[in-house]
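Listed below, chain by chain, are the residues.
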Amino acid sequence: MPDAAPLPLDPRAIRLDAEAGSRDDAIRQCGETLLAVGAIDEAYIATMIERERSISTYVGEGVAIPHGTLAGKDAVHHDAISVLRFPGGVDWDGEPVVLCVGIAARDDGHVRLLSELAQILLDPERAKALRETADAAEVFRLLQPAADE
Amino acid sequence: MPSIDSKDVKKIVVACDAGMGSSVMLASQLRKSLKGLPVEVEHTPVNSIPADADVIVCHAGLADRARASAPGTLLVPFQLFIGDPAVTKLVSTMKNGGTINA
């Protein structure tokens, strides 16, 4: 097994049974999860919502990737990702979102993971697997960059 | 309207607000799609687009800021982060040769 750099995904930042009443509520929960693992200051969460209001982070296949603004970067302590699944769905300006990948980044620690996520979203079967799994280990397995397997 | 021949494109910049999320994702897709061609793909914040960018790819909602930041550089706006027709067209022109128009 090659030694792959660890993904910036803390097991505590995966919640697969979340519920949100609105898009902003879902984003706030993604932010609170990043806050809970010590990746950000609370101020970052407001910039995540601000960013979403200017341009949606919906990326297709029922997935959104909420993250902050350039100004919000100062409130990021380290690169981190949170994965929240909303089995009941969230209305994302008309698009039904089931999975949110919250992002806090100072550097490029999250790039491999996002790159893998893009590959998953281009493959409807894998996108469906990611949307439907209730198993955190499976989320890790799916997001692990293929080159490291 | 600016245009550029695909063989003169050495650097494509994917611009977004924070350079944190969607632009990173799109840049990685472009890099994969254009692998083997002599072109570099970068992602940068929209207000610090490098002067040697030949083509800027950015979300339509950021196009005005990108134009203000790099006037005169060819800009390809898109709406969808995955599978946007404008990006697909850019990739196919880069691969097959031809003129890229705004």
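Residues numbered from 1 in each chain as written. Chains lettered and ligands numbered in written order. Predicted model: local features only at pLDDT ≥ 70, side-chain atom pairs only at ≥ 80, totals over all residues. Heavy atoms only, no water.

Thoughts on the overall build of chain B
Then, number 1: Summing up its helical and strand segments, chain B has 3 helices and 6 strands in all.
Then, number 2: Taken from N to C terminus, the helices and strands of chain B fall in the order β-β-α-β-β-α-β-α-β.
Then, number 3: Against the compact-globule benchmark of 13 Å for 102 residues, chain B has a radius of gyration of 12 Å, which places it among compact chains.
Then, number 4: With the principal axes as the frame, chain B shows a C-alpha extent of 30 × 25 × 20 Å.
Then, number 5: For chain B, the proportion of its 102 residues judged to be buried stands at 55%.
Then, number 6: Sequence-distant contacts, at least 24 apart, represent 61% of the contacts inside chain B between residues at least 6 apart.
Then, number 7: With the model as given, the accessible surface of chain B reaches about 4500 Å², and the carbon-plus-sulfur share is 53%.
Then, number 8: When the 10 basic and 9 acidic side-chain charges of chain B are each reduced to a single mean position, those positions are 6 Å apart. (Helix = DSSP H or I, 4+ residues; strand = E, 2+ residues; numbered from the N terminus. Rg over C-alpha atoms; globule rule 2.2 N^0.38 Å. Buried < 20%, exposed > 50% of the residue type's maximum accessible area, 1.4 Å probe, protein only. Contact = heavy atoms within 4.5 Å. Areas by Shrake-Rupley, 256 points an atom, 1.4 Å probe, with all protein chains shown as cover. Lys, Arg positive; Asp, Glu negative; His and termini not counted. Charge placed at Lys NZ, Arg CZ, Asp CG, Glu CD.)

As for the sheet that holds strand β3 (residues 63-64) of chain A
Residue and element names in this part refer to chain A.
Then, number 1: Overall, mixed pairing links the 5 strands, which are arranged β1-β4-β5-β3-β2 in an open sheet. At either end of the open sheet lies a strand with only one pairing partner, and these are β1 (9-15) and β2 (58-60).
Then, number 2: Against the sheet, helix α1 (residues 23-36) makes contact with β1, β4 (80-92) and β5 (95-104), and its axis sits at roughly 160° relative to β4, the strand it touches most. (Pairing = 2+ DSSP bridges. Axes fitted to C-alpha atoms, helices over the stretch in contact; angles between N-to-C directions.)

Focus: the packing of helix α1 (residues 22-33) of chain B against helix α3 (residues 85-96) of chain B
All names here are of chain B.
Then, number 1: Packing of α1 against α3 leaves a shortest axis separation of 11 Å and a crossing angle of 30°. Regarding the angle of α1 to α3, the classification is roughly parallel. You can see that α1 and α3 cross each other, and the crossing is right-handed. On α3, the residues that touch Leu26, Leu30 and Ser33 of α1 are Val87, Val91 and Lys95.
Then, number 2: Each residue belonging to the contact of α1 with α3 can be placed in one class, and the counts come to 4 nonpolar, 1 polar and 1 charged. (Parallel < 35°, antiparallel > 145°, perpendicular 65-115°, else oblique. Left-handed = near helix turned anticlockwise from the far one by under 90°. Nonpolar A, V, L, I, M, F, W, Y, C, P; charged D, E, K, R; others polar.)

Observations regarding the pairing of strand β4 (residues 55-59) of chain B
Residues and elements named next belong to chain B.
Then, number 1: Where burial is concerned, most of β4 is hidden: 5 out of the 5 residues are buried.
Then, number 2: Relative to β4, strand β2 (residues 11-16) runs parallel, the two sharing 4 bridges. Pairing of Val14 across the sheet is with Val57, part of β4.
Then, number 3: The sheet contact formed by β4 and strand β5 (residues 74-78) spans 5 bridges and is parallel.

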